[in-house]
Structures are given as structure tokens and as C-alpha cells.
Amino acid sequence: MRRLPGRRPLGRGLPGRRLLALGAGVALATASLAAPSVPASAQAGPAKPKPRTAAADCAPAQVVGNGGFENGTSPWTASSNVIFTGGGETAHSGSRFARLGGLGRTHTDTLSQSVTLPAGCSSASLSFWLHVDTDETDQVAYDKLTAKIGTTTLGTFSNLDAADGYVKKTFDVSAYAGQTVTLTFTGAEDPSLQTSFVLDDVALDVSGGTTPPGGDSTRTPAAPSYTVNLTSDSSGGTWTGHESASFTNASATPLSEVYLRLWDNYHGSCPSSTPITVGNVTGGTAGSLEVGCTALKITLPAPLNQGQSGTVGFDLKIVVPSGADRFGRDGSYNFIGNALPVLAIRDASGWHLDPYTNNGESFYSLASDFKVTLDHPTSIAVPATGTSVDTPGSSGRTVTTATAAKVRDFAWGAGPFQKISGTSSGGVKVNVYWVSGISSSSAQSMLNTATNALDVHSSRFGAYPYGEADVILDNNFWFGGMEYPGFVLDLVSSTALAHEFAHQWWYGIVGDDEYNSPWLDEAFADYSTDLYFGDDGAGCWSNVSWASSAEKITNSMAYWDAHSSRYSTVVYGYGKCALHDLRRVLGDTAMATLLRNYAQSHWYGVSTTAEFKAAAQAATSTDLTSFWSQHRIEG
Ligand SMILES: [Zn+2]
């Protein structure tokens, strides 16, 4: 959210209403919404993300050739008479098998073939059926069979494994995804008493996608992992240090370059003095700043093919400007959003290098892992995305290490905040920080809203996965609130807070291109906020009045920056009204199921308007074609 607080009827957040919307007595008020009114913990438990289906970049396959030995010896390399039939042994299937040993004298048999495990497959399982018979009688492992992949021994078997029939052996070899390695069986007998190691139906099955979640091979660089070490000045307003970003090319199209987005350079003069300064780039060659100094191209030393990984590193300096903003300094309090450079996305339409917008968000990033250390004066607190651990630094200083997994951004604050903490019924730790001038009772009230909202949103869309959430309260913000993963800037407004926490799902967990499809996060966050407050949006569509034929709920920020006075009304207001209308078409239960399944199917991934429309259409037998056009939802 990024809009003037005055546009939002804060009265909806009056305490009485809020308590009603959450209490047991609210059943009547919320029944029509099919809205759970009990915390997540009191329910059967929100579903976890369902397992991913096979990724587009990893066609499930079995990669061992002639694993049943029925088609001659190729492509195996084997000692003589290892692959055969008869000899007192029977195959597990078919008529042929491989037998190592069985001679009762000192010798070694080998059986091997080279296998290629496709890149992009997260699951790879080697299996074979093994039958061991022996003439040995001592409980000593005299004769042995070793199974290896590459140089790694997967398992060793001996005459002690002798038994009637075959036993299936299975090993996880996913570590070899993207590699060509040799699969080797070695059977060694000692001087006397035979042991036969009989193998059949050798298989190596690959499946699953590696990057990013959901097997998205369209958007790259994928699975970013950021490591950041920063040290602040005494105020927490200037930070210097180093950042590195590792990534994998998920796309079949080679990746020759990456772009860092330096969003906060919008706030500075370009190019003489930028708030975000990147230098000493390693892992590639930096170009000059583009898109108003908000994009930095780094050409990689060599193009990365699909499944290959790279790392870029750079020195980083951040200078927080004055102003109570998402990147700004209000008195002694610093708000540091969008300051860490993050990787831009290349998708089917190319690189996304959209401009910064002050009316909303331009941000579009893939779920990433962050490890950020913040070395700061002990006298200031640094609420941050992720889970933080403090350790003593040099004299008078503390090193806060914040780690976050599967988040799209990392933000923090720095200042002499006051703080209270609580834990939601669903087990999420919430820390509320506030600047001077806000009462502790207001902070306590906001803590209650925060924990309740997280639980209620969790019960509807799937459990909040990050374990912890921080809120910073400052009534000087010119906007109602601003969402970051596990980190929210907010006025003392329960409505704004419920909205920002809804963004944890709509933008955070379920990603979207916030520049080109702002309704996918804002309308969904406002709709979720209505559900939270038990507001069914009755009649809201009847008040709709379009400014022009070009005005559409699904317009991009390029349009809204040119028509900024209509952004909130249409994207937030008409957008959520459209979703209420969709609920009326589908029915409350089907709508609740739709949103829940939609969240699960895009968990940590990225959604599009077309994908939401398809999911909605699949949830009803009513043809929604006219619904979309009447509601001006295109795409
Ligand atoms: Zn919002």
C-alpha cells in the first residue's frame, strides 16, 4: 500500500468494530463471507503448500539405459559374463540380469555406465533390485558389492545380505542434478566360497524442478541468495559494506547479464550523488546506471546456460535521506526499504526494467534467501525482515544477523524505537516498534491487531510461513502503510495494518509484477482486509463510475502515474469490489476455496491476471467472460 491515509476510511478500524469482527459473536456478521472467525490455531491447521507438480524445466525421466539388461549389454561396460541369463539365477523381471561374483575365487567384476541427470531436476532417485546368494557360512563379510555414483559410494553389500528373492535398494542422488556421472557396481570375492550379487531393473528417476518454486523456467535469474554485511554510522542513517547475490539461470535461454535494481536512487540526484552506491563489482562487468539510476547492468563473464549458477558481489553504501518515507529518516528514526539492490527479472517479455513509482510499487522480484548482518550502535534497534539474532560487536555496538528465506525483498529500520512483542495464536512472533509520540497503549492495540490479522489471514490463505513479523509505527508517514516481507511500516491504523499484513500473501508469498499488475496485490489486500473486518462490500459496485473507457482495474502503474488521482479509487476500491462481486457469483465457499487454492498454487511463485482469471473460471460453471469485461479486468 502506498496511499494517502485520508483516502481510507479509518473509521472502519474503530475498536468496537474490530473486536466484533474477531469475536465469537461475529458469526452473523461474517457468515455471509464464509470467513473463519477463529484463529488458525483453533482450526484443523492451514494447509501447507501442496507439492509442486513436475517442473517445465525437468521432464520426469528414467535415465539409465537398458536397466533391465534385456537389450544386450549396451550401454553398460561390464566384465565378461556379468550380463547373462541362467546360471541358477532368475531375473527380477524379464529373463536377463547382471551377476557379479559367483566364482568362488579371488576376482573382481565391474558393471558401469555413464548417466546424465538433467539440470533443473530437484529429485533424482537411483534404485535397483538386488539378490544375494552365497556359500559363505561365517558371519563375516568376505565378499562385497559396492554401488557408486561418480566417486561417491552409495552402498556396500556382502555375503551377509544373502536372502531368498530380490530386495529393492534406493538412493537419493539429487546432488548430481545437471551432471554426467558414472554409475558403477563392483563385486569382489575372496579366495573361497562363492557369493553371487545379482542385479536387475536398475533405474534412475528424475523429477521435480529446482528453480524457482513451481518450476518456473520463464523467470530468471532464479533462486537468488543474498549475503549482505553492513555497518552503520552512529545514527543508523548511513550504512557501508558488501553485498553478494547468487542465482541460477532457470531459463532455456542463456543468461548473459543480470540487472541490479537500485530503487532508492529515485530519491537522489542522478548521477552525481546517489543514495545507493555500488562499487567494486565482482563476478561480472558493471555498466552505467540506467532507468533514472535505478538499474545497473552487470554483464557476466560467460552466458549461463539453463541450470548454471553465478554470483555477483559489490561494495554498497546507503545514505538515508530525510523524510518520513519508506526510504527516509524521521528525526532519529530511519526507515530503510528497497535499499538493498535486488536482481531484476527477465521473463518471456524480456528484462523488466520499469521505472520507480512514488504512487505505488514497481517492485517485481522472485522469492529469495537473505542473510544480512547489521553492525550498529547498541543504543539503536534494527527491526528487520526475517528472524534476527544479536551478538556483541565492538565497543558499544551490536551485530544483528537477520536471515530470511523465500522473501522478495529485505527492509529494516534503525533508531531508538520502543518495542513490545507478542505471539499470535498461530505461533507467529510479532514485534511492534514505535517512534516517540505514539502511546504504548496504541502500540499494544496495534500488536493485538497484528497478531489477529496474521492468524485470520493465515486461516484463509495458508499459514504465514516466516515465523516472525515486525511492525514500525510512525504517524508522520504520508501514506497509510508500506509492506515488506515480515516487516511493515504503518500509521496507528488497524485498517492499514490489516491491509499491509494481507500483502504478506498478496505480493509476498504470492508474487506479482507490481508495476504492471498492481491490482493483483492491492485489490487482493483490500479484499482480504474487508474479510478481516467482516465488511461484505455490499453494494459497493453500484457506486462505480469510470473516468474514461481507458480506465481499467488491471491497468499498470504507467497508467496510474499519469492518472494518479484515480489510482486508489480504481485499483483498491473498484478492485476489491470486483472481488466481492466475484464472491457473489461463485458463492462464499467457492470463493474462499478459490483464494486458498490460488495462494497454494502460487506459493513463493508469481501469479498473473490471466492465471487468476483461469483459476476463478475453473471454480465455477458460470461463464465469467462478461464478468471480466464488465469489471474491466483484462489480461
Ligand atoms: Zn497495499
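Residues numbered from 1 in each chain as written. Predicted model: local features only at pLDDT ≥ 70, side-chain atom pairs only at ≥ 80, totals over all residues.

Focus: the overall build of the protein chain
Item 1. In terms of regular secondary structure, the protein chain is built from 10 helices and 32 strands.
Item 2. Within the protein chain, counting contacts between residues at least 6 apart in sequence, those at least 24 apart form 73% of the total. (Helix = DSSP H or I, 4+ residues; strand = E, 2+ residues; numbered from the N terminus. Contact = placed C-beta atoms within 7 Å.)

Overview of the nonpolar core
Item 1. Ile336, Val432, Ala450, Val471, Leu497 and Ala523 are the most contacted members of the largest nonpolar core, which totals 131 residues.
Item 2. Aside from chain neighbours lying at most four places away, what touches Ala450 is Val430, Val432, Ala469, Val471, Leu497 and Phe501.
Item 3. Among the nonpolar cores identified, the runner-up in size contains 22 residues, and Leu130, Phe197, Val198 and Leu199 belong to it. (Core = buried A, V, L, I, M, F, W, Y, C linked by C-beta atoms within 7 Å. Buried ≥ 20, exposed ≤ 12 C-beta atoms within 10 Å, placed from the backbone.)

Observations regarding the pairing of strand S20 (residues 333–336)
Item 1. Side-chain alternation along S20 places Tyr333 and Phe335 on one buried face and Asn334 and Ile336 on a second face that is also buried.
Item 2. Pairing analysis gives 4 bridges linking strand S19 (residues 327–330) to S20, with the strands arranged antiparallel. Counterpart to Asp330 in the pairing with S20 is Tyr333.
Item 3. Hairpin remark: S19 followed by S20, antiparallel, with 2 residues in the connecting loop; positive phi at Gly331, about 65°. (Pairing = 2+ DSSP bridges.)

Some words on unusual backbone geometry
Item 1. Thr220 connects to Pro221 through a cis peptide bond whose omega is -5°.
Item 2. Residue Pro271 is bonded to the preceding Cys270 through a cis peptide linkage, with omega at 10°.
Item 3. For Pro271, the location among the structural elements is in the loop between strand S14 (255–261) and strand S15 (276–282).
Item 4. The phi dihedral of Asn280 falls on the positive side, at around 50°, and the residue is not glycine.
Item 5. Inspection of the secondary structure puts Asn280 in strand S15.

Some details on the packing of helix H5 (residues 519–533) against helix H7 (residues 564–586)
Item 1. Between H5 and H7, the least distance of the axes is 8 Å, while the angle of their chain directions is 65°. The two elements H5 and H7 meet at a crossing, and its hand is right-handed. Contact residues: Trp519, Glu522, Ala523, Asp526, Tyr527 and Asp530 in H5; Val571, Tyr572, Gly575, Lys576, Ala578, Leu579 and His580 in H7.
Item 2. Class assignment for the residues of the contact of H5 with H7 results in 7 nonpolar, 2 polar and 4 charged. (Axes fitted to C-alpha atoms, helices over the stretch in contact; angles between N-to-C directions. Left-handed = near helix turned anticlockwise from the far one by under 90°. Nonpolar A, V, L, I, M, F, W, Y, C, P; charged D, E, K, R; others polar.)

Section: the pairing of strand S10 (residues 180–189)
Item 1. Two elements, strand S5 (residues 107–116) and S10, share 10 bridges in a ladder whose sense is antiparallel. Residue pairing in the sheet places Thr110 in a bridge with Thr186 of S10.
Item 2. In the sheet, strand S7 (residues 144–149) pairs with S10 via 6 bridges, with the strands oriented antiparallel. The residue of S10 that forms the bridge with Thr146 is Thr186.

Quick word on the sheet that holds strand S17 (residues 295–304)
Item 1. Pairing is antiparallel in the open sheet, where 4 strands are placed in the order S16-S17-S14-S21. For this open sheet the edge positions go to strand S16 (285–290) and strand S21 (342–343), each flanked by a neighbour on one side alone.
Item 2. Pairing geometry for S16 and S17, over 4 bridges, is antiparallel. Bridged to Ala286 within S17 is Ile298.

Quick look at the packing of helix H4 (residues 494–502) against H5
Item 1. Two elements in contact, H4 and H5, have axes separated by 8 Å at closest approach and are oriented at 125°. One finds that H4 runs oblique with respect to H5. Considering how the two elements wind past one another, H4 and H5 form a crossing that is right-handed. Contacts between H4 and H5 involve Thr495, Ala498, His499 and Ala502 from the first element and Ala525, Asp526, Ser528, Thr529, Tyr532 and Phe533 from the second.
Item 2. When the residues that make up the contact of H4 with H5 are grouped by side-chain class, the tally is 5 nonpolar, 4 polar and 1 charged. (Parallel < 35°, antiparallel > 145°, perpendicular 65-115°, else oblique.)

Details of H7
Given 3.6 residues per helical turn, the α-helix brings residues three or four places apart onto the same face.
Item 1. Relative to the 33 Å expected for 23 residues at 1.5 Å per residue, H7 spans 32 Å between its end C-alpha atoms, a close match to the ideal helical length.
Item 2. In H7, a bend of some 25° at Val570 exceeds every other bend along the element.
Item 3. Gly587, located one to two residues past H7, shows a positive phi value of around 100°. (Expected span 1.5 Å × (residues − 1). Bend = angle between axes of the 7 residues up to and from the residue.)

Some remarks on the confidence of the model for the protein chain
Item 1. Per-residue pLDDT for the protein chain has a mean of 89; in total, 89% of the residues score no lower than 70.
Item 2. Counted against residues more than four places away or in other chains, residues 4–56, with its pLDDT under 50, gives 101 contacts.
Item 3. A low-confidence stretch, residues 210–214 stays under pLDDT 50, and its non-local contacts, those more than four residues away or across chains, total 21 contacts. (pLDDT = per-residue confidence, 0-100.)

Things to note about the environment of Gly178
Item 1. Among the structural elements, Gly178 can be located in the loop between strand S9 (167–172) and S10.
Item 2. Spatially, the C-alpha atoms of Gly178 and Gly307 are 7.0 Å apart, while their sequence positions differ by 129 residues.

Here's the deal with the sheet that holds strand S27 (residues 412–414)
Item 1. With antiparallel pairing, 3 strands are arranged side by side in an open sheet as S19-S20-S27. The sheet terminates laterally at S19 and S27, the two strands that pair on one side only. The sheet shows a mean angle of 10° between the axes of neighbouring strands, taken without regard to direction.
Item 2. Pairing analysis gives 3 bridges linking S20 to S27, with the strands arranged antiparallel. Of the residues in S27, the one forming a bridge with Phe335 is Gly413.

Concerning H4
Item 1. Within H4, 9 of the 9 residues are buried, which leaves it mostly tucked inside the rest of the structure.
Item 2. Of the residues making up H4, those classed as buried are Ser494, Thr495, Ala496, Leu497, Ala498, His499, Glu500, Phe501 and Ala502.

As for the environment of Val571
Item 1. Turning to its location among the elements, Val571 is positioned in helix H7.
Item 2. Sequence-wise, Val571 and Ser556 are 15 residues apart; in three dimensions their C-alpha atoms are separated by 9.7 Å.
Item 3. Residues contacting Val571, with those up to four places away along its chain left out, are Pro518, Trp519, Glu522, Ala523, Ile553 and Trp560.

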